[in-house]
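Observations on chain architecture
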Amino acid sequence: MALLLLDLGNTRLKWGVCECPPDASPGPVRAHGAMPLESIETLADSVRPHGSAGLRAVVGCAVAGAVATMRVEAQLTRLGLRCHWIHSLPQQGGVRNGYTTPSMLGADRWAALVGARLRHPGQAVLIISVGTAVTIDCLTADGRFLGGVILPGFGLMLRALEMGTAGLKVPEGELREFPNNTSDALMTGGALAIAGAARQMHERLGRVEQRTPLVLLTGGAAPKLELALGLSHESVEHLVFDGLQGIAAELGLIAQPRARA
């Protein structure tokens, strides 16, 4: 038996399959993939070779809007499946939602918070997710989500500069200590901007908790930030999927997962 996990983001649909035997905790993601939103109609064919007949349930989060969600649901119908789409709640998975209006927190951020709590119960965690947008969220040791910030991701920063200036349509650059060409200057500038915000939020969370928070770095563009971050961190490829597994267990769709070391 297996569980299908879906993360329908602003520009890509990420999917993963994890084992969920009835007498054990769900295992790690054994198959996964991603596709741009334009290619959602390939989802069923992408998942089918990985044991779609044995899928027990589908759990997902979506921030891409109703049309994209309906397109995903049409693909699941081809597989004979329906998705339980999660929503941010006042409390779930050991996390208490500190948003002024809890339901307004993005479902992907909520799943990442639950995933961080599952991975590191009883510890303060700063979650940095680098995708189309960058989110930096603060989770206390007792499970309170204090809040977080949202920044444009690398692509959005570059497009904003291209639209507002002349002559900046250049190839993607590299992170350099002292950039000496426009491509590298843009890439390094974006990385330092995100890293600076992350370090500010890390300091604030540490001040509240009176301890040094753990840092989890996740998201498709996370490798672009690693060298500039300046914080000891753990890279987590599937933090949202971790949270979706935890929520699925709490809903009774699969066996309860064990906390990870």
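Fair warning: this is a prediction, and the values are worked out from it, not measured in the lab.

**A few points about the overall build of the protein chain**
When its secondary structure is counted, the protein chain shows seven helices and 12 strands. At 19 Å, the protein chain has a C-alpha radius of gyration in line with the 18 Å of a compact globule built from 261 residues. If one aligns the C-alpha atoms of the protein chain with their principal axes, the spans along those axes are about 55 × 45 × 30 Å. Residues classed as buried in the protein chain amount to 48% of the 261 residues present. A separation threshold of at least 6 residues defines the contact pool for the protein chain, and within that pool the share at least 24 residues apart is 58%. As displayed, the protein chain offers around 12300 Å² of accessible surface, 54% of which is attributable to carbon and sulfur atoms. Between the centroid of the 23 positive side chains of the protein chain and the centroid of its 22 negative side chains there is a distance of 4 Å.

**Re the environment of Ala62**
Mapped onto the elements, Ala62 comes out in strand β4 (residues 55-62). When the C-alpha positions of Ala62 and Arg199 are compared, they lie 28 Å apart, and in sequence the two are 137 residues distant.

**Quick notes on the sheet that holds strand β12 (residues 234-235)**
Across a sheet, paired strands are connected by hydrogen bonds in the backbone, their directions being either parallel or antiparallel. Spatially, the seven strands line up as an open sheet ordered β6-β7-β10-β9-β8-β11-β12, and their pairing is mixed. Two strands close off the open sheet at either side, each with one partner strand: β6 (91-92) and β12. Where strand β8 (residues 125-130) meets strand β11 (residues 214-218), five bridges bridge the pair, whose relative direction is parallel. Along β11, the bridge assignment pairs Leu126 with Val215.

**Points about the sheet that holds strand β2 (residues 12-19)**
The strand order across the open sheet formed by five strands is β3-β2-β1-β4-β5, and the pairing between neighbours is mixed. The open sheet has two edge strands with one neighbour each: β3 (29-36) and β5 (83-85). Going across the sheet, the axis of each strand differs from the next one's by a mean of 20°, ignoring polarity. Inspection of the sheet shows β4 paired to β5 by three bridges, in the parallel sense.

**Things to note about the nonpolar core**
Counting 31 residues, the largest nonpolar core has Leu3, Ile86, Trp110, Leu113 and Leu244 as its most contacted members. In this structure, Cys138, Leu151, Met187 and Ala228 belong to the second largest nonpolar core, which totals 25 residues.

**Some remarks on the packing of helix α4 (residues 154-164) against helix α5 (residues 182-209)**
Here α4 crosses α5 at 125°, and the two axes come no closer than 10 Å. Taken together, the axes of α4 and α5 are oblique relative to one another. Between α4 and α5 lies a crossing whose hand is right-handed. Of the residues in α5, those touching α4 at Phe154, Met157, Leu158 and Leu161 are Leu186, Met187, Gly190, Ala191, Ala193 and Ile194. Its residues placed into classes, the contact of α4 with α5 shows nine nonpolar, one polar and no charged.

**Some words on the packing of helix α3 (residues 107-119) against helix α7 (residues 239-250)**
Two elements in contact, α3 and α7, have axes separated by 7 Å at closest approach and are oriented at 80°. When the axis of α3 is compared with that of α7, the two are roughly perpendicular. Judged by residue contacts, Asp108, Trp110, Ala111, Ala112, Val114, Gly115, Ala116, Leu118 and Arg119 of α3 engage Leu239, Val240, Asp242, Gly243, Leu244 and Ile247 from α7. Its residues assigned to classes, the contact of α3 with α7 shows 10 nonpolar, two polar and three charged.

**Digging into the state of the cysteines**
Applying the stated criterion to the full structure yields zero disulfides. As a non-bridged cysteine, Cys83 has Cys61 as the owner of its nearest cysteine sulfur, 8.9 Å distant.

**Examining the side chain of His202**
In this fold, His202 is placed in helix α5. Not counting the four nearest positions on each side in its chain, His202 is found in contact with Leu126, Thr212, Pro213, Val215 and Leu231.

**Concerning the layout of surface pockets**
The computed volume of the largest pocket comes to approximately 1000 Å³. Lining the largest pocket are 39 residues, with Lys14, Val130, Gly131, Gly219 and Gly220 positioned closest to its centre. Elements with a minimum of two residues in the lining of the largest pocket: β2, β3, α3, β8, β9 (133-139), α4 and α7. Here the lining of the largest pocket takes four residues from α4, the largest share from any one element. Taken together, the residues of the lining of the largest pocket sort by class into 14 nonpolar, 16 polar and nine charged. Here the second largest pocket is characterised by a volume of approximately 200 Å³. Put simply, the parts of the chain that give the lining of the second largest pocket at least two residues each are α4 and α5.

Reading the values: rules and limits
Residues numbered from 1 in each chain as written. Predicted model: local features only at pLDDT ≥ 70, side-chain atom pairs only at ≥ 80, totals over all residues. Heavy atoms only, no water. Helix = DSSP H or I, 4+ residues; strand = E, 2+ residues; numbered from the N terminus. Rg over C-alpha atoms; globule rule 2.2 N^0.38 Å. Buried < 20%, exposed > 50% of the residue type's maximum accessible area, 1.4 Å probe, protein only. Contact = heavy atoms within 4.5 Å. Areas by Shrake-Rupley, 256 points an atom, 1.4 Å probe, with all protein chains shown as cover. Lys, Arg positive; Asp, Glu negative; His and termini not counted. Charge placed at Lys NZ, Arg CZ, Asp CG, Glu CD. Pairing = 2+ DSSP bridges. Axes fitted to C-alpha atoms, helices over the stretch in contact; angles between N-to-C directions. Core = buried A, V, L, I, M, F, W, Y, C linked by side-chain atoms within 4.5 Å. Parallel < 35°, antiparallel > 145°, perpendicular 65-115°, else oblique. Left-handed = near helix turned anticlockwise from the far one by under 90°. Nonpolar A, V, L, I, M, F, W, Y, C, P; charged D, E, K, R; others polar. Disulfide = S-S within 2.5 Å. 1 Å grid on protein atoms, 1.4 Å probe; cavity = no way out; pocket = protein on both sides within 12 Å on 5 of 7 lines; lining within 4 Å. Points joined across faces, edges and corners; volume = space filled by probe spheres on them.

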